[in-house]
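Structural features, examined
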Amino acid sequence: MPETKIQLGSASGKAIVAEHLGKVFNVAKGMLRRTKTQIMAVKDVSFEVGYGELFGLVGPNGAGKTTTIKMLTTMLIPTSGRATVLGYDVQKQVTQVRERIGIVLGGERGLYTRVNAVDNLRYFADLYGVPVNVRDKRIKELLTFMGLWDRARDRVETYSKGMKQRLHLARGLINDPELIFMDEPTIGLDPEIARDTRELIQQLVNKGKTVLLTTHYMFEADELCKRVAIIRNGEIVALDTPSGLKKYVRDASVVEVEGFGITDKEVAKFKETRDVLSVSADLGESKQVLRIQTPKGSEIISEVQEILKNSRIYDIKIKEPTLEDAYLRLVTT
Amino acid sequence: MPQVLRVIYSAFRMAMLHWIADPQWVIPNIIAPFIFTAVALTLFQGSTGPFGLYAVLGGGMMGMWGNTLYSSGYAIEFEKWQGTLEEVIAAPSKLMHVIAGRSVSNALFGLVNMFAVLAIAALGFKIQLGIANPLLFTVSLVLTLLSVSALGLIFASAFVLSRSALTLTNGLEIPLYIISGSMFPVALLPFWIHPAAYILGPTWGIDAIRLATSQEYASQSFWNGMNWNTAILLDLTIMSLITLGYAALATVLFKMVETRARTQGTLVEA
Amino acid sequence: MNYSQNIRVFFSSAVFSYRAQFSWLNPTMWLTMKFVLTLSQMAFFVFVGLFIRGPSVIPFIAIGNALQTVSWNTVFSVVNITSHDKWDGTLPLVLATPASRLPLFIGRAMVHVFDGMLSVVISFAFAAFIFGVDFGQANALALTFTVLLTALTMAGFGLLIGGLSFYYREPLIFANIFLFTLLIFCGINFPVQDLPQFIQPFSYAIPLTYGVSAARSAIAGATLLDIAPLLGQQLIVGLASIVLGYIFFRSFENVARKTGRIEAV
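Computed from a predicted model, the values in this text were never measured in an experiment.

1. Topic: the overall build of chain A
Within chain A, the regular secondary structure consists of eleven helices and 14 strands. By its C-alpha atoms, chain A is 70 × 50 × 45 Å across when sized along the principal axes. Across the 333 residues in chain A, those meeting the buried criterion constitute 45%. Pairs at least 24 residues apart make up 71% of the contacts formed inside chain A by residues separated by at least 6 positions.

2. Considering the packing of helix 3 (residues 117-127) of chain A against helix 1 (residues 3-21) of chain B
It is at 8 Å that the axes of helix 3 of chain A and helix 1 of chain B come closest, and there the two elements cross at 160°. Judged by the angle between their axes, helix 3 of chain A and helix 1 of chain B are roughly antiparallel. Once helix 3 of chain A is placed against helix 1 of chain B, the crossing between them reads as left-handed. Only R6(B), V7(B), S10(B), M14(B) and L17(B) of helix 1 of chain B make contact with helix 3 of chain A, whose side of the interface consists of D119(A), Y123(A), D126(A) and L127(A).

3. Some points on unusual backbone geometry
Residues and elements named next belong to chain A. Backbone geometry at H20 places phi at a positive 55°, although glycine is not the residue there. Here H20 is to be found in strand 1 (residues 14-29). Even without being glycine, N233 reaches a positive phi, approximately 50°. Within the secondary structure, N233 sits in the loop between strand 9 (227-232) and strand 10 (235-240).

4. Notes on the sheet that holds strand 14 (residues 312-319) of chain A
All names here are of chain A. Taken together, the four strands give an open sheet; going across it, the order is 12-13-11-14, and neighbouring strands pair in antiparallel fashion. Sheet topology places strand 12 (278-283) and strand 14 at the edges, where each strand pairs with a single neighbour. Averaged over all adjacent pairs, the angle separating strand axes in this sheet is 15°, with direction ignored. Sheet analysis places strand 12 next to strand 13 (residues 288-294), joined by six bridges and oriented antiparallel. The residue of strand 13 that forms the bridge with S278 is Q293. Against the sheet, helix 9 (residues 264-272) touches strand 12 and strand 13, its axis set at about 170° to strand 12. Contacts from helix 11 (residues 323-332) reach strand 11 (253-260), strand 12 and strand 13, with the element oriented near 110° to strand 12.

5. Let's talk about the pairing of strand 8 (residues 210-215) of chain A
All names here are of chain A. By the criterion of burial, strand 8 is predominantly enclosed, with six of the six residues buried. Neither face of strand 8 is open: one carries T210, L212 and T214, the other V211, L213 and T215, and all of them are buried. The pairing of strand 7 (residues 179-183) with strand 8 spans five bridges and is classified as parallel. Along strand 8, the bridge assignment pairs D183 with T214. The parallel pair strand 7 and strand 8, bridged by helix 6 (residues 191-206), forms a crossover whose chirality is right-handed.

6. Comments concerning the interface of chain C and chain B
Chain C puts 36 residues into the contact, and the matching count from chain B is 32 residues. When residues of the side of chain C that touches chain B are traced back to their parent elements, those giving at least two are helix 1 (3-19), helix 2 (27-53) and helix 7 (171-185) of chain C. Tallying contributions element by element places helix 2 of chain C first for the side of chain C that touches chain B, with 18 residues.

7. A short note on the packing of helix 3 (residues 51-72) of chain B against helix 7 (residues 134-161) of chain B
Residue and element names in this part refer to chain B. Contact geometry for helix 3 and helix 7: axes closest at 8 Å, N-to-C directions at 30°. Looking at the two axes, helix 3 sits roughly parallel to helix 7. Viewed along their axes, helix 3 and helix 7 form a crossing whose handedness is right-handed. Contact residues: helix 3 offers M64, W65, T68, L69 and S72, while helix 7 offers L145, V148, L151, G152, F155 and A156. Partitioning the contact of helix 3 with helix 7 into residue classes produces eight nonpolar, three polar and no charged.

8. So, the environment of I206(B)
Residues and elements named next belong to chain B. Take I206: it is sitting in helix 10 (residues 201-213). You can call I206 buried: it has 27 C-beta atoms within 10 Å. With 186 residues separating them along the chain, I206 and I20 place their C-alpha atoms 28 Å apart. In contact with I206, not counting residues within four places along its chain, are L57, M61, T144, S180, G181 and S182.

9. Thoughts on the nonpolar core
If you look at the biggest cluster of nonpolar residues, it comprises 243 residues, and the most contacted ones within it are V85(A), V48(C) and A62(C). Among the elements that take part in this core, helix 7 of chain B stands out by supplying 15 residues, more than any other. If you count residues domain by domain, this core takes at least three from each of domain 1 (14-240) and domain 2 (251-332) of chain A. Those residues in contact with A62(C) that lie beyond four places of it in its chain are M42(C), V46(C), A127(C), F131(C) and V133(C).

10. A short note on the confidence of the model for chain A
Mean pLDDT over chain A: 87, with 94% of residues reaching 70 or higher. Looking across chain A, the model is least confident in helix 11 of chain A, with a mean pLDDT of 81, and most confident in helix 3 of chain A, with 96.

11. With respect to helix 3 of chain A
Residues spaced three or four apart along an α-helix face the same direction, because each turn holds 3.6 residues. Within helix 3 of chain A, ten of the eleven residues are buried, which leaves the element mostly enclosed by the surrounding structure. Among the residues of helix 3 of chain A, those classed as buried are A117(A), D119(A), N120(A), L121(A), R122(A), Y123(A), F124(A), A125(A), D126(A) and L127(A). Buried residues belonging to helix 3 of chain A abut helix 4 (132-145) and helix 5 (161-172) of chain A together with helix 1 and helix 6 (95-124) of chain B. Just downstream of helix 3 of chain A, G129(A) is the residue with a positive phi angle, here 70°.

Reading the values: rules and limits
Residues numbered from 1 in each chain as written. Chains lettered and ligands numbered in written order. Predicted model: local features only at pLDDT ≥ 70, side-chain atom pairs only at ≥ 80, totals over all residues. Helix = DSSP H or I, 4+ residues; strand = E, 2+ residues; numbered from the N terminus. Buried ≥ 20, exposed ≤ 12 C-beta atoms within 10 Å, placed from the backbone. Contact = placed C-beta atoms within 7 Å. Axes fitted to C-alpha atoms, helices over the stretch in contact; angles between N-to-C directions. Parallel < 35°, antiparallel > 145°, perpendicular 65-115°, else oblique. Left-handed = near helix turned anticlockwise from the far one by under 90°. Pairing = 2+ DSSP bridges. Right-handed = clockwise from strand over helix to strand, strands pointing away. Nonpolar A, V, L, I, M, F, W, Y, C, P; charged D, E, K, R; others polar. Core = buried A, V, L, I, M, F, W, Y, C linked by C-beta atoms within 7 Å. Domains from an automatic or database assignment. pLDDT = per-residue confidence, 0-100.

The structure is reproduced here in structure tokens:
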């Protein structure tokens, strides 16, 4: 039976097309008297991802990243809007979508810990209908690629966090998917392992795969993604390449102030200061760091010194805005 | 192998691997059947009649019930606790087929009780047991296993759809042992309970199994007076039809489970 | 134990909690337990007895199972409390209080003692109205006293099981298994004499055995005086198990203090 690929608008030839996706959850609370409330996790999300692209979806916690991914991977039914993945409708052609995509949902989950790696992969290979003559070879390739082959017959519960993460990633690739969704793939990982994971993701794209990942690490999105969509409160507020997004904050320089004795009071004063576009503060115990976005650049230094006259200033730097600054501006204003 | 069978087999294999990793977890599920059977064995000391038959076969039957009720009933919850439920739902295979594999293995492990009871019966109580018709016995056993597994699927989905259904499992265990005629003929029960017995597929199955084991049982079977082989075939046919009914109901329930998971985001009870 | 092991054992304990008659947490559960479970257990054994030995054994079996229901609440609840502390992590707090520990546990067990007695009363009703057991001759005083003492001594026995259970990784399984074996040892469904000789001493180490026997006599019309010897033996066994249980509990406490392991032994 010929499979029909449903085309949305002019979206032919795109790996992912999302059109006005929305998701409302009905939540019942309370033990005795159940009251129903509605939570709008995603309001209106539209975007497209091309084949072979590494696309990033960034935003604060609760913005709707995970919900969006779950809608695109058929795990949630949208309450509004439509989407196609690899040309198949996520609501009407669920099985076709599931067969062709890989899903990696961050963390060490998704594995049967009392069983070894080979059996875990074999199980999912069977669920995905990976051809039997290919299955065992691919399991070996994946485990070798992930550096797990010498521990392949050990129970997963004996694995370290990083190993579990890599096995989880291998599991997401077991059906050799064209398109892989990753939800916060490096969260909670040690820096070296996170770096290795990012390299792996880059290698996947180099092989021609398409990847959509969510993250709240801006430098990760900056480093990896061809294009980035910033999502906030269930809506996309910006979508561009990383350099495109940085241009958004080109009008401002970032003045980074490192000092001691800076409190919320001073931060609030900065926020009220004219020409300060945004302030982000890292108020540690031994040191505090402020990043002030302003078009005034170095001219703001005198005001900085005035506001911080009761604190100690160690260092003031003028920096180029990063993707993180663009993100902060878009997300906090 | 067709994909559906492959999925079922794979889930079955995974359940086996888990059992090998932790064989002791079957014990709590079959401790009640085991003790109940031991009581029956002690009770029939010095009596005549095919009671040993009832005890051993009934013990196996109750073991299947107990393990299915608790293991299959919690099959989907198990995936949740493992953190694998989302990944399993996300796969193109049907959740019902995955749980079916598990359910079959659960029913199978319930037979462990039968062997435990058999060992005790033979060693401790010096009961002799032979099987009159091994072929029909095996066929009956397999079909009964499938019927119990199908019920396991209903439990698995119902217990996720409704918290009250889950709470009721505690109350369901012993009534199932009674109504299914595992340890004594259904005829002994008040007449108004009989319909409940008849809609349970395995009730017919245990009848067939007992018939296939010993001629002595014939007079207590549902088909008293009928030709032995015909009786067994009748039992198996009725049970198979009921099993198909269970499968149909389970299909509907699993669709509800998946729809709810994809609407609510988690398998949250109503 | 690493994280996933904890989760695994916990969920199995959680499964047990459902099966473990946490009746006071949930009205449906309580009702199911009190009525469905007690009736169906009695019915099962009555029918088995009827099938194998005929109608004459019905009163014996019905009364036996009625008394046995007290053990669900008392033994299991006490074990649940003591092992629940372990899993909840409140045990260090409990061990740390200067209050004498025994009264603490007994206090909590009392609720379940009365709950257990209620189960027995409900079961007697089932025995009388559904299985036709004749309570016409029953000596109310003797019977009440028997039920009360059985509930109390089985609570004490529960402390013994609770004390032992600290040494097991899955105390609830241990208790669950134990609870079921009462059906074989305590003369519930058949006289203790039907058991092999070498097993019988174990029966007489459990308070329930005496209680069941005394209850049967009381229902047949025996007075308090008549059954006093049985009750006296029951009391001794009950006290002995409390003492033993306390010893086990204190020794566990000492082991825990020495090795620094309290949680999830």
